[in-house]
Amino acid sequence: MKKISTFILTILIMTNITAQNIQLPKPQTEGGMPLMEALKKRETKRDFIKDKEFSLQMLSNLLWAANGISRPESGKRTAPSAVNWQHVDIFVSLKQGVFLMNYEKNILELIKKGDFRSQIGQQDFVGDASAVLIYVSDRTKMLREGMSDETKVFYEATYSGNISQNVGLFATSENLKNVIIGSIIKENIIKILNLKEHQKPLLGHAVGY
Ligand SMILES: Cc1cc2nc3c(=O)[nH]c(=O)nc-3n(C[C@H](O)[C@H](O)[C@H](O)COP(=O)(O)O)c2cc1C
């Protein structure tokens, strides 16, 4: 009897954990707008339609474009990083909650339930975006002895720039609006995401309709 109730409890806990995370569908990595056209049309747009949510397929495609695993044999990504350190994580703030993108599993891992989009940036329109991506550096992954803070900051800026350009081009290709948010409120982000000392919030990126 005790064994059966432990088994049921385990299943319940597992179901709950799964229900809190979002398993994304496989990203669609074909098609889209021709590159030269997307480059010509890419622009910052801030007038989002409020409360229009992304489908899971759109989220999966967007996150793959951002920094997805493009070469499964090596685990390398759509965005280049110094020494292939892959030292920037993408957190996603949606209406339902904030999540960490786990690229290996293609899962959005729940960090906290609730709508925190309007607390990420200083400008009001950020809260209207369907998704606010937050690029966060994990300094434990920049593994070079004696590396200066200046170099760390430079590598963080270039990598988050590479990711954000991918997102801007994807958004253009899908007729979405997007704006990079340099004016993030770091103290809010640290609190909401429960970031540790080695995790540095770099940029936000609001994407929507
Ligand atoms: C690093 C960076 C930070 C930015 N931060 C903000 C921001 O906080 N708020 C905002 O409205 N736009 C922000 N932008 C968007 C720029 O204002 C925009 O890219 C610029 O005006 C050029 O317009 P375009 O993207 O249409 O070419 C940022 C862009 C970059 C690259």
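Here the structure is shown first, and the text comes after it.
This structure is a prediction, so every number in the text was calculated from the model and none was measured.

### Looking at the nonpolar core
With 30 residues, the main nonpolar core has L63, I90, V92 and L108 as its most contacted residues. Elements supplying a minimum of two residues to this core: α3 (56-67), β4 (88-93), β5 (97-102), β7 (131-138), α4 (149-173) and β9 (199-208). Among the elements that make up this core, the one with the highest residue count is α3 (6 residues). For L63, the residues in contact, after removing those within four places along its chain, are L24, G68, I90, V92, M101, Y103, L108 and L133. Residues V98, A129, V179 and I181 belong to the second largest nonpolar core, which totals 20 residues.

### Regarding the sheet that holds strand β8 (residues 177-181)
Each strand in a sheet pairs with another by means of backbone hydrogen bonds, the pair being arranged parallel or else antiparallel. Read from one edge of the open sheet, 7 strands run β1-β6-β5-β4-β7-β9-β8, paired in antiparallel fashion. Of all strands in the sheet, those with a lone pairing partner are β1 (22-23) and β8, marking the two edges. Packed on one face of the sheet, α4 meets β4, β7, β8 and β9 and runs near 10° to β9. Relative to strand β6 (residues 107-113), helix α5 (residues 186-193) is tilted by about 105°, and along the sheet it contacts β4, β5, β6, β7 and β9.

Cut-offs used in this document
Residues numbered from 1 in each chain as written. Predicted model: local features only at pLDDT ≥ 70, side-chain atom pairs only at ≥ 80, totals over all residues. Heavy atoms only, no water. Core = buried A, V, L, I, M, F, W, Y, C linked by side-chain atoms within 4.5 Å. Buried < 20%, exposed > 50% of the residue type's maximum accessible area, 1.4 Å probe, protein only. Helix = DSSP H or I, 4+ residues; strand = E, 2+ residues; numbered from the N terminus. Contact = heavy atoms within 4.5 Å. Pairing = 2+ DSSP bridges. Axes fitted to C-alpha atoms, helices over the stretch in contact; angles between N-to-C directions.

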